[in-house]
Amino acid sequence: DSNPSATVLRLKKKALSLKNSELEILKATALSPEASGDERFLSVYIIGLAESAAARDLLKEIGGTRLPSTANDRAYSDEVIIRAHALEAVIQRLSPADSIKYLKDVLANTTDPALARHARYWLGRLG
């Protein structure tokens, strides 16, 4: 990308105008095992740029979706990265107190050790 700042602004502008139905399509892409890792990550990234309550709720859903069984380490890594990015996008929208509550909820409900480590990391940063 010859102008990454312009690209981010263009994506942000588009994300702010997305309808709930379009956000749902992005969520479906983010969780689709048929989509490439890049498509899935970009979907979460764009949802993260949207500022609506619906976008926040979809990020929570993505972050809380159970990781599927994967055939290899790369696929597992992609799953963790997608959910971790959703988790980070959620806590960026919440107050520190609400972020801590959310992260504790993630820890109480996740069975994945990598996602739990990520939640503990953010809890440590938030104090």
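Please refer to the structure placed before this passage.
Residues numbered from 1 in each chain as written. Predicted model: local features only at pLDDT ≥ 70, side-chain atom pairs only at ≥ 80, totals over all residues. Heavy atoms only, no water.

*Asks:* Please clarify how the overall build of the protein should be interpreted in this entry.
*Replies:* If you tally the helices and strands in the protein, you get seven helices and zero strands. Listed by position from the N terminus, the elements making up the protein come as α-α-α-α-α-α-α. By the compact-globule yardstick of 14 Å for 127 residues, the protein fits well, its C-alpha radius of gyration being 15 Å. Taken over the C-alpha atoms alone, the protein extends approximately 40 × 35 × 30 Å along its principal axes. (Helix = DSSP H or I, 4+ residues; strand = E, 2+ residues; numbered from the N terminus. Rg over C-alpha atoms; globule rule 2.2 N^0.38 Å.)

*Asks:* Help me out: how do you make sense of the environment of N72 in this one?
*Replies:* Relative to the assigned elements, N72 resides in the loop between α4 (53-64) and α5 (73-93). Of the residues examined, N72 reaches a relative accessible area of 39% and is grouped as partly exposed. The spatial distance from the C-alpha of N72 to the C-alpha of N20 is 33 Å, given a sequence separation of 52 residues. One polar contact links the side chain of N72 to the main-chain amide nitrogen of A75, over a distance of 2.6 Å. (Buried < 20%, exposed > 50% of the residue type's maximum accessible area, 1.4 Å probe, protein only. Polar contact = N/O pair within 3.5 Å; in protein donor to acceptor, adjacent residues only side chain to side chain.)

*Asks:* How should I be thinking about helix α2 (residues 20-30) in this particular structure?
*Replies:* Residues separated by three or four positions in an α-helix point in the same direction, a consequence of the helix having 3.6 residues per turn. Within α2, the full set of buried residues consists of L23, L26, K27 and A30. The arc that holds every buried residue of α2, seen down its axis, measures 105°, which confines them to one face. Contact partners of the buried residues in α2: α3 (37-49), α4 and α5. (Arc of directions from axis to C-beta. Contact = heavy atoms within 4.5 Å.)

*Asks:* Sorry, what's going on with the layout of surface pockets here?
*Replies:* There is about 240 Å³ of room inside the largest pocket. If you go around the largest pocket, you meet 14 residues; those closest to its centre are G63, G64, T65, N109 and T110. When residues of the lining of the largest pocket are traced back to their parent elements, those giving at least two are α4 and α6 (96-109). Ranked by residues supplied to the lining of the largest pocket, first place goes to α6 with four residues. Across the lining of the largest pocket, the residue classes tally to four nonpolar, six polar and four charged. (1 Å grid on protein atoms, 1.4 Å probe; cavity = no way out; pocket = protein on both sides within 12 Å on 5 of 7 lines; lining within 4 Å. Points joined across faces, edges and corners; volume = space filled by probe spheres on them. Nonpolar A, V, L, I, M, F, W, Y, C, P; charged D, E, K, R; others polar.)

*Asks:* What is the right way to read the packing of α2 against α4 from this model?
*Replies:* How two helices pack is summed up by the angle between their axes together with the distance between the axes. Their axes nearest at 10 Å, the elements α2 and α4 cross at an angle of 15°. In this view, α2 runs roughly parallel relative to α4, as classed from their interaxial angle. Regarding α2 and α4, the two cross each other, and that crossing is right-handed. Across the interface between the two elements, N20, L23, E24, K27 and A30 of α2 pack against A54, A55, L58, E61 and I62 of α4. (Axes fitted to C-alpha atoms, helices over the stretch in contact; angles between N-to-C directions. Parallel < 35°, antiparallel > 145°, perpendicular 65-115°, else oblique. Left-handed = near helix turned anticlockwise from the far one by under 90°.)

*Asks:* When you look at the pattern of salt bridges in this model, what are you seeing that I'm missing?
*Replies:* A side chain of one charge can pair with a side chain of the opposite charge when the charged atoms of the two come close. Counted according to the given criterion, the structure contains seven salt bridges. Between E51 and K12 there is a salt bridge, and its shortest N-O distance comes to 2.8 Å. Taken together, the residues span a long stretch of sequence, with E51 in the loop between α3 and α4 and K12 in helix α1 (residues 4-16) at a distance of 39 residues. Classification of E51 by relative accessible area gives exposed; the value is 58%. According to the relative accessible area criterion, K12 is partly exposed, its value standing at 23%. Three or more residues joined by partner-sharing salt bridges are found here, namely E24, K27 and E61. (Salt bridge = Lys/Arg side-chain N within 4 Å of Asp/Glu carboxyl O.)

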